Amino acid sequence: MFLRSLFFLLPFFLYLGIAVQAAGFYLCCIFAPFGYYLVKNKKIPFFMLKLGIYLLILYCVFPVFNFLTYYFQNKTIAPSIYNLKENFPLLLNSSFSSSFFFTGTISSFFIWISRYEIFRFFTKGKNLNQSLPDINPLKYFLAGLLPASILFCCALTYQHFTGFELRSHTKYGPILTNDNLLQNGTFRVYGFYGHPLTVAAVGLTYATFNWTLLWLIIAKKNLKSMYFIPFKDHKYLPYVYLFLITIANTTCVFLSSGRTATLVNIAILLGIPSLIYLKRKPIFTIIAITSIGIASFFIGKKLGVIERFDSAAQSILNSHAFEEGNNRQYFWKVYTKMFLDSPAVGQGNFWINHGIRNEYYNKLGFSHIEQKYNAHNNYLEILASVGIIGLSIILFAIYKIFRVLKLEIKAQKNSLVLLLIPLFVTLLANLFHATTQNVFFDSSFIYINIAIIYVIIWQIIDNKRNALS
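Not measured: the values here are computed from a predicted model. (Residues numbered from 1 in each chain as written. Predicted model: local features only at pLDDT ≥ 70, side-chain atom pairs only at ≥ 80, totals over all residues. Heavy atoms only, no water.)

**Here we look at the overall build of the protein**
Phase 1: Scanning the protein from terminus to terminus reveals 18 helices and 0 strands.
Phase 2: Taken along the three principal axes of its C-alpha coordinates, the protein extends 70 × 60 × 50 Å.
Phase 3: Relative to its full complement of 469 residues, the protein shows a buried share of 54%.
Phase 4: Sequence-distant contacts in the protein: of pairs separated by 6 or more residues, those separated by 24 or more amount to 77%.
Phase 5: Positive and negative side-chain charges in the protein, numbering 40 and 17 respectively, have mean positions lying 15 Å apart. (Helix = DSSP H or I, 4+ residues; strand = E, 2+ residues; numbered from the N terminus. Buried < 20%, exposed > 50% of the residue type's maximum accessible area, 1.4 Å probe, protein only. Contact = heavy atoms within 4.5 Å. Lys, Arg positive; Asp, Glu negative; His and termini not counted. Charge placed at Lys NZ, Arg CZ, Asp CG, Glu CD.)

The following block contains the structure:
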């Protein structure tokens, strides 16, 4: 079936550059599934409208606070920075990916037309009671994720050792620049994305989700009920499948040399078996986590990430600062000061980028830093931009999204309920990663996570497809 093929191909799209990610996501998760159910004259469940609204809220927080902070201007900043008329269109931009806006808007539109007369006009004469074949989106998504992960991991490995540029030779040249060289002579990898830390965030998300799911089905010991797992009728193949997805994506994290992501990934690899299986099979679990720990060390050493940890540790111990070129301590001080000067509503993300950030770097005595970057910490970035009020709105929207998903998954009353734990652990892993990166503002990373959520949504709808009429 066409939809099954699309869900199988979706992981391949998501490992490529942002344009291909976007095209693949909207085709596979929005237009094709919505079109299928509309043609079949089926109403789209109302809970998707709620999710669409919460996605729109997330996107709109930053534009709203851009306008709000115009009326609550920072009196210590030159008034010339606050030019509303000249900058009006740009104030509508958000720090969150535009995928939130488009996904929420398009989803809400399709749900609306599926429930009103305008839709009935175009589907007049269709059989409302026709039953639909199984699509099983999650099963085919996971089936495609293994070959996609292996191909991506191989491409990154080649780039790591040769420096071959996988993006655009016209724009970037055939080989990565020397500032991407690690101490062992290999390269930090970009893949098809804009930065190595995007590679780290993507790999961490996939590795965490599949590793947690693997140990849950090991503990469950009832593969036949796992209808959303590829090859569920085979005794060992599903375990091997999820294990290989985890290993491929963990390798991608190591190749990125992202230190925070690597630490979180290793913590997940060691912690999940300990939490889920240690009491049931202590000896087996101890052997497993010991093997993982030893393997992680030697792989990390081979791929150059251990040297980066050592460099940072030596610099902090000897000079009480990060190594040369790593100016995070200055970024954090600047953004902390910006937040403390306007804790309720922040400084407005647009105004920060438009000049306030440079003003604070100079004011705090950091004018010597050439690259006056953003916070490299999602929490400080959000607090400085929209303050405590904006952060509260963002947390509320995220909570409501997971609340809606939880209620719908639990309503299935089958093994799909196991997905709640991998979703939660994946969110937790990314929240830790966000302490040193602005991962939740990375469009490529957002497409990965929103795609997983929408695949699960379509799985829920597929489970009750014939009840929708």
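Structure's up, so let's keep going.
**Comments concerning the packing of aromatic side chains**
Phase 1: The full count for this structure, using the stated rule, is 38 aromatic pairs.
Phase 2: Centre to centre, the rings of F350 and W351 are 5.0 Å apart; their planes meet at 80°, and the pair counts as edge-to-face.
Phase 3: Feature note: the residues F31, F34, Y36, Y37, F109, F110 and W458 constitute an aromatic cluster, connected by ring pairs.
Phase 4: Lying across the ring of Y172, R167 places its NZ or CZ 3.9 Å from the centre.
Phase 5: A cation over an aromatic ring shows up here: K363 above the ring of Y360, its NZ or CZ 4.2 Å from the ring centre. (Phe/Tyr/Trp six-rings, centres within 6.5 Å; stacked < 30°, edge-to-face > 60°. Lys NZ or Arg CZ within 6 Å of the ring centre and 35° of its normal.)

**Description of helix α9 (residues 196-220)**
Phase 1: Here α9 is 25 residues long and its end C-alpha atoms lie 36 Å apart, about the 36 Å a rise of 1.5 Å per residue gives.
Phase 2: Most of α9 is tucked away: 24 of the 25 residues are buried.
Phase 3: Positive phi shows up at K221, right after α9, with a value of about 55°. (Expected span 1.5 Å × (residues − 1).)

**A short note on the side chain of S99**
Phase 1: In this structure, S99 sits in helix α5 (residues 98-113).
Phase 2: Under the relative-accessibility criterion, S99 is labelled buried at 0%.
Phase 3: There is a polar contact of 2.8 Å between the side chain of S99 and the side chain of S97. (Polar contact = N/O pair within 3.5 Å; in protein donor to acceptor, adjacent residues only side chain to side chain.)

**Here we look at the nonpolar core**
Phase 1: Core analysis: the biggest nonpolar cluster contains 121 residues, and M48 and Y454 have the highest contact counts within it.
Phase 2: Among the elements that make up this core, the one with the highest residue count is helix α18 (residues 443-463) (15 residues).
Phase 3: Not counting residues up to four positions away in its chain, the partners in contact with M48 are F34, I111, Y454, I457, W458 and I461.
Phase 4: Ranked by size, the runner-up nonpolar core spans 19 residues in total, among them L91, W351, I356 and I369. (Core = buried A, V, L, I, M, F, W, Y, C linked by side-chain atoms within 4.5 Å.)

**Structural notes on the pattern of salt bridges**
Phase 1: In this structure the tally under the stated criterion is 2 salt bridges.
Phase 2: Put simply, R167 and E165 hold a salt bridge, and the shortest N to O gap is 2.8 Å. (Salt bridge = Lys/Arg side-chain N within 4 Å of Asp/Glu carboxyl O.)

**Brief notes about the packing of helix α1 (residues 2-14) against α18**
Phase 1: Remark: α1 packs on α18, axes separated minimally by 11 Å, with the N-to-C direction vectors making an angle of 170°. With respect to their mutual orientation, α1 and α18 come out roughly antiparallel. Across from F7, L10 and L14 in α1, the residues of α18 making contact are Y447, I448, A451, V455 and W458.
Phase 2: Taken together, the residues that form the contact of α1 with α18 break down as 8 nonpolar, no polar and no charged. (Axes fitted to C-alpha atoms, helices over the stretch in contact; angles between N-to-C directions. Parallel < 35°, antiparallel > 145°, perpendicular 65-115°, else oblique. Nonpolar A, V, L, I, M, F, W, Y, C, P; charged D, E, K, R; others polar.)

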